[in-house]
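Notes for the structure review
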Amino acid sequence: MKKYIDFRSDTVTKPTPEMRKAMAEAVVGDDVLGDDPTVKKLEDLAAEMIGKEAALFVPSGTMGNSISIKAWTRELDEVIIEARSHIYNMESTHMTFISRVSPRVLPSQRGAMDPDEVERNIKIPSVHQPRTSLICIENTHNNWGGAVIPLENMKSIKKVADKHGVRIHLDGARIFNASVASGIPVKEYTQTADSVMFCLSKGLSAPIGSMLAGPKDFIDYCRRIRKALGGGMRQVGVIAAPGIVALQSMVDRLKEDHQRAKKLALGIYQLPGIQLNPDEVETDIIIFGLEHSHLSASNFLEKLKRKNILALPVPQGIRFVTNRGIDDHDVEQTITVFANILNS
Ligand SMILES: Cc1ncc(COP(=O)(O)O)c(C=O)c1O
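Description of the structure in this document.

Definitions and cut-offs
- Residues numbered from 1 in each chain as written.
- Predicted model: local features only at pLDDT ≥ 70, side-chain atom pairs only at ≥ 80, totals over all residues.
- Heavy atoms only, no water.
- Phe/Tyr/Trp six-rings, centres within 6.5 Å; stacked < 30°, edge-to-face > 60°.
- Helix = DSSP H or I, 4+ residues; strand = E, 2+ residues; numbered from the N terminus.
- Buried < 20%, exposed > 50% of the residue type's maximum accessible area, 1.4 Å probe, protein only.
- Lys NZ or Arg CZ within 6 Å of the ring centre and 35° of its normal.
- Contact = heavy atoms within 4.5 Å.
- Core = buried A, V, L, I, M, F, W, Y, C linked by side-chain atoms within 4.5 Å.
- Disulfide = S-S within 2.5 Å.
- Near = heavy atom within 4 Å.
- Polar contact = N/O pair within 3.5 Å; in protein donor to acceptor, adjacent residues only side chain to side chain.
- Areas by Shrake-Rupley, 256 points an atom, 1.4 Å probe, with all protein chains shown as cover.
- Pairing = 2+ DSSP bridges.
- Axes fitted to C-alpha atoms, helices over the stretch in contact; angles between N-to-C directions.
- Salt bridge = Lys/Arg side-chain N within 4 Å of Asp/Glu carboxyl O.

**Focus: the packing of aromatic side chains**
Two aromatic rings are characterised by how far apart their centres lie and by the angle between their planes. Going through the model one piece at a time under the given rule, you end up with seven aromatic pairs. On the basis of an interplanar angle of 15° and a centroid distance of 4.2 Å, the ring pair of Trp 72 and Phe 218 is categorised as stacked. One end of the pair, Trp 72, is in helix H3 (residues 61-72); the other, Phe 218, is in helix H10 (residues 216-228), and 146 residues separate them in sequence. A relative accessible area of 14% means that Trp 72 is categorised as buried. Above the face of the Trp 144 ring, Arg 84 is positioned so that its terminal group lies 3.6 Å from the ring centre.

Here is the structure:
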């Protein structure tokens, strides 16, 4: 029996037996020398599924985002980015540390920036002002509770970007969640961006790795940046192999995580102190505030932990993420534990 019901993230998923078998049997070679057929297969599959010319296997989503920003920008440039975005808030400032560009931070409606406001913030470079070279969009949006950014919003921002010769990078760590939740093919989202990063190691359940996809010459350049950052890996087919299994067999399963997140949201939103609109739970992430008469968020998380339920504190309150390790019974048990603690 498992010890914890672990809602801390969709990154806690363990590889499936099929993934472990694929790892054991992977045909490998030195990938820095271009010899690893399993990595090549993963990169081709990812590029094809995401609708880009080429893709690059990277150790983490953070590295994929940082390489992309480095490749699209020059020092002294500015990057338009949403205020609660993962890149701006949770990636250890690589924009300034690695790319030496400054962020122009914009507010949003649940992660969707206003295209007019984006346009107003595109700078004409001068001796005083930076050049705006890139816009970053995050879909689904982690810190906005897994919100799906509407395709129409992305299309409008793309129009603005094209008009001004600015590139778009999509932090699509969970872009397949957006597609599965909305029913819109993933390529429709990715067409609105010049480059896309997505993670294999979140709801798709692979143990390690993310993909960066875009035009071939861009990816060739990104491969050099990856090497410069120490991300050139050798017989890395052993970790690319479960990534292939993830792409081939785990995308449709994401809907189960979404259904369970909704079920959890509907089960808890009327309990004392919970501040949550269940209509806003669209994918696998639930973020709620807690305004309880005698429990702080950290007390509540402590009490949950004593009942073997794990979740994380976030600036807006508490975050739960459903994932492959959580079944319907876990959700029901969690709702019961919430009720017992919050009503006592
Ligand atoms: C939206 C988003 N982008 C990027 C990342 C970074 O991925 P990694 O943890 O693989 O660096 C995450 C991780 O949680 C994320 O939620």
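**A few points about the side chain of Ser 66**
With respect to the helices, strands and loops of the structure, Ser 66 is situated in helix H3. You can call Ser 66 buried: its relative accessible area is 3%. Setting aside residues no more than four positions away along its own chain, Ser 66 makes contact with His 94, Ile 98, Ser 99 and Leu 229.

**Observations regarding unusual backbone geometry**
Of note, the amide linkage connecting Asn 139 to Thr 140 takes the cis form, showing an omega dihedral of -5°. Relative to the helices and strands, Thr 140 is located in the loop between strand S5 (132-138) and helix H7 (151-164). At Arg 100, a residue that is not glycine, the phi angle is positive and equals roughly 55°. Assignment of secondary structure puts Arg 100 in the loop between helix H5 (94-99) and strand S4 (102-106).

**Quick notes on the nonpolar core**
Grouped together as the largest cluster of nonpolar side chains are 55 residues, with contacts concentrated most on Phe 57, Ile 135, Ile 175, Phe 176, Phe 198 and Leu 247. In terms of nonpolar packing, the next biggest core, distinct from the first, is built from 29 residues, Phe 7, Ala 261, Leu 295 and Phe 300 among them.

**Looking at the state of the cysteines**
Counted under the stated rule, the structure contains zero disulfides. Looking at the unpaired Cys 136, the closest cysteine sulfur is the one in Cys 222, lying at 13 Å. Judged by its relative accessible area of 3%, Cys 136 falls in the buried class. No disulfide involves Cys 199; its nearest neighbouring cysteine sulfur is the one of Cys 136, lying 14 Å away. Owing to a relative accessible area of 2%, Cys 199 belongs among the buried residues under this scheme.

**Remarks on the site of the ligand**
In the vicinity of the ligand, 14 residues are found, and the nearest of them are Gly 61, Thr 62, Asn 142, Asp 171 and Arg 174. Note that a nitrogen atom of the ligand is positioned 2.7 Å from one of the side-chain N or O atoms of Asp 171. Contacts to the ligand include Lys 202, whose side-chain N or O atom sits 3.0 Å from an oxygen atom. About the coverage of the ligand: the protein hides 84% of its 390 Å² of free accessible area.

**Digging into the environment of Asp 6**
Counting through the fold element by element, Asp 6 comes out in strand S1 (residues 5-6). Assessed through its relative accessible area of 15%, Asp 6 is described here as buried. With 303 residues separating them along the chain, Asp 6 and Ile 309 place their C-alpha atoms 6.1 Å apart. Leave out the neighbours within four places in its chain, and Asp 6 touches Val 12, Leu 310, Val 321, Asn 323 and Ile 326.

**Things to note about the sheet that holds strand S8 (residues 210-214)**
Pairing between the strands of a sheet comes from backbone hydrogen bonds, and it takes one of two forms, parallel or antiparallel. With mixed pairing, seven strands are arranged side by side in an open sheet as S2-S8-S7-S6-S5-S3-S4. Single-partner strands in this sheet number two, and they are strand S2 (54-58) and S4. The mean inter-strand angle of the sheet, taken between neighbouring strand axes irrespective of direction, is 20°. Bridge count for S5 against strand S6 (residues 167-171) is five bridges, and the pairing is parallel.

**So, the pattern of salt bridges**
Counting across every chain of the model gives 23 salt bridges. We note a salt bridge from Glu 48 to Lys 187, for which the minimum N-O separation is 3.6 Å. Residue Glu 48 is found in helix H2 (residues 37-50), and its partner Lys 187 is found in helix H9 (residues 186-190); the two are separated by 139 residues along the sequence. A relative accessible area of 34% places Lys 187 in the partly exposed class. Among the ionic contacts, a cluster of salt bridges with common partners joins Lys 158, Asp 162, Arg 167 and Asp 194.

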